[in-house]
Amino acid sequence: MVNHSMKTTIPKLRLGTSNLEVSVIGLGCWQFSKHTGMIGKFWPPVSDEETRNIIKVSLENGINWFDTAEAYGWGASEKSLSGALDKLGVKKKEVIIATKWWPILRFAGSIEKTIGKRLQALTGYNIDLYQIHQPYALSSVTQQMHCMADLVEENKIRYVGVSNFSAKQMRLAFQILKRRSIPLISNQVNYSLLNRKIESNGILKTANELGISIIAYSPLAQGILSGKFHKDTQISGKNIGIRQWIPAFRSSGLKKSKPGKMLVITMAASFSAPPFMHPSLKIILQRTNFLLSKDLMFFSSMMISVLENIPGALAAVFAKNVRKIFCKSISTVPVTGMC
Ligand SMILES: NC(=O)c1ccc[n+]([C@@H]2O[C@H](COP(=O)([O-])OP(=O)(O)OC[C@H]3O[C@@H](n4cnc5c(N)ncnc54)[C@H](OP(=O)(O)O)[C@@H]3O)[C@@H](O)[C@H]2O)c1
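Each chain carries its own residue numbering, running from 1 in the direction its sequence is written. Given that this is a predicted model, residues contribute local features only at a pLDDT of at least 70 and side-chain atom pairs are listed and counted only at 80 or more, while totals for whole chains, interfaces and linings are drawn from all residues.

## Description of the overall build of the protein
Here is step 1 of the chain: Along its length, the protein carries twelve helices and ten strands.
Here is step 2 of the chain: In the protein, once contacts between residues fewer than 6 apart in sequence are set aside, the share between residues at least 24 apart is 79%. Under the DSSP-based scheme used, a helix requires at least four consecutive residues in state H or I and a strand at least two consecutive residues in state E, with every element numbered from the N terminus. Note on contacts: residues are paired as contacts if their backbone-placed C-beta atoms lie within 7 Å.

Here it is as structure tokens:
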């Protein structure tokens with residue numbers, strides 16, 4: 001059972017123009033894929049007991065939303081999540097669940113055809129946010145949005161989101177839904193201190209303009225920003241799944257991200273100091289500090305929901321003392337307007 005007396009408060013944000021109030025950090029559930037399917041094989045399997053513990057600690061630390069997907073083990077992650085919530089005695093109104101439709105080699109009609117399976121896998125928990133996982137379906141964005149709108153009108157899902165959509169695709173999705181009086185509330189994209197492309201490719205700007213929330217995935221750059229891999233660069237033999245084949249996790253790749261990691265450590269060490277720091281970053285850094293100092297990873301994975309002022313917030317953390325280090329040593333990260 002969740003120990004509510006231990007519950008800490010994380011600031012909450014409204015997702016887009018919806019009435020979903022989400023904690024600034026959510027729990028990513030890709031890791032609960034049970035090593036099933038191509039995408040689900042990315043992470044080593046997590047037992048039901050460990051899954052339950054991770055979810056319990058997340059809830060006790062104020063997290064109120066979970067991000068899963070059809071492709072995370074073809075239902076395995078959704079089932080692990082709902083099974084754990086159920087065992088922990090969590091009522092459906094107490095949590096917000098985001099899942100995703102997998103579009104590759106599929107037509108938009110599959111959105112309606114597969115929704116029953118999604119609801120079944122979530123065993124009674126609502127789909128508060130249903131996202132198109134990638135912009136690569138066999139049907140147009142327009143057709144996909146009409147199918148998503150149908151699901152909202154049929155009360156099968158509450159809100160519509162997209163993921164990995166460009167600024168142009170996001171704008172089109174927004175306009176199609178708007179014609180049916182349905183908001184597009186989020187775009188889930190890769191965003192971390194090591195990948196800040198959305199600040200310069202129009203995604204963040206367009207999202208701000210249209211009132212769409214950005215949900216940042218891989219905010220720890222899949223573990224690189226935790227510092228763990230820089231501490232011990234010998235990755236062979238470690239239980240890190242497919243990451244062992246990714247260049248960024250190998251010694252040469254880690255050399256490139258080292259300044260980024262140092263930046264995080266520097267900020268983590270002083271996370272309580274700058275009063276202007278955005279709360280979501282403060283929490284991320286708090287957690288990162290935790291990970292660095294105690295190797296205690298209670299979050300299987302983290303996500304940040306980001307609203308309009310994130311570039312300002314990111315800028316704010318590059319306070320005088322770390323700004324110099326950052327500008328000097330990171331060449332892979334765009335620092336426009338920051339130095
Ligand atoms: N929409 C999309 O296309 C998309 C793409 C990617 C991710 N996502 C979503 O975003 C979430 C977060 O992104 P991410 O997972 O890619 O990267 P991340 O949050 O940046 O990094 C994953 C972190 O999870 C930790 N972790 C993995 N398995 C764990 C376990 N069993 N117990 C404790 N900690 C564990 C890793 O620690 P170690 O380094 O110590 O293993 C690593 O620090 C995902 O879960 C998923 O929901 C969405």
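## Quick notes on the nonpolar core
Here is step 1 of the chain: A set of buried Ala, Val, Leu, Ile, Met, Phe, Trp, Tyr and Cys residues, joined to one another through C-beta atoms within 7 Å, is what we call a nonpolar core. Neighbour density around each residue's C-beta defines its exposure: 20 or more other C-beta atoms within 10 Å make it buried, 12 or fewer make it exposed, and counts between make it partly exposed, where C-beta atoms are placed from the backbone. With 70 residues, the main nonpolar core has Phe-66, Ile-97, Tyr-130, Met-170, Ala-173, Leu-184 and Ile-214 as its most contacted residues.
Here is step 2 of the chain: Beyond its immediate chain neighbours, meaning those up to four positions away, Ala-173 contacts Val-141, Met-145, Val-162, Phe-165 and Leu-184.

## Some remarks on unusual backbone geometry
Here is step 1 of the chain: Phi at Leu-105 takes a positive value of approximately 60°, unusual for a residue other than glycine.
Here is step 2 of the chain: Turning to its location among the elements, Leu-105 is positioned in the loop between β5 (96-101) and α4 (109-121).
Here is step 3 of the chain: According to the C-beta neighbour criterion, Leu-105 is exposed, with 9 such atoms within 10 Å.
Here is step 4 of the chain: Despite not being glycine, Ser-181 has its phi angle at roughly 60°, a positive value.
Here is step 5 of the chain: Within the element layout of this structure, Ser-181 appears in the loop between α6 (167-179) and β8 (184-190).
Here is step 6 of the chain: With 9 C-beta atoms counted inside 10 Å, the residue Ser-181 sits in the exposed group.

## Some words on the confidence of the model for the protein
Here is step 1 of the chain: Chain-level pLDDT for the protein is 77 on average; 72% of the residues reach the 70-or-more range.
Here is step 2 of the chain: The pLDDT value expresses, per residue, how confident the predictor is, ranging between 0 and 100. Every residue in residues 266-283 scores below 50 in pLDDT, and together they form 33 contacts with partners more than four places removed in sequence or on other chains.

## Description of helix α7 (residues 203-210)
Here is step 1 of the chain: Taken as a whole, α7 has its buried residues at Ile-203, Leu-204, Thr-206 and Ala-207. Along α7, the residues classed as buried sweep out an arc of 165° about the axis, all on the same side.
Here is step 2 of the chain: Of the residues one or two after α7, Gly-211 is the one with positive phi, at around 75°. Arc definition: it is the arc formed by the directions from the helix axis to the C-beta atoms.

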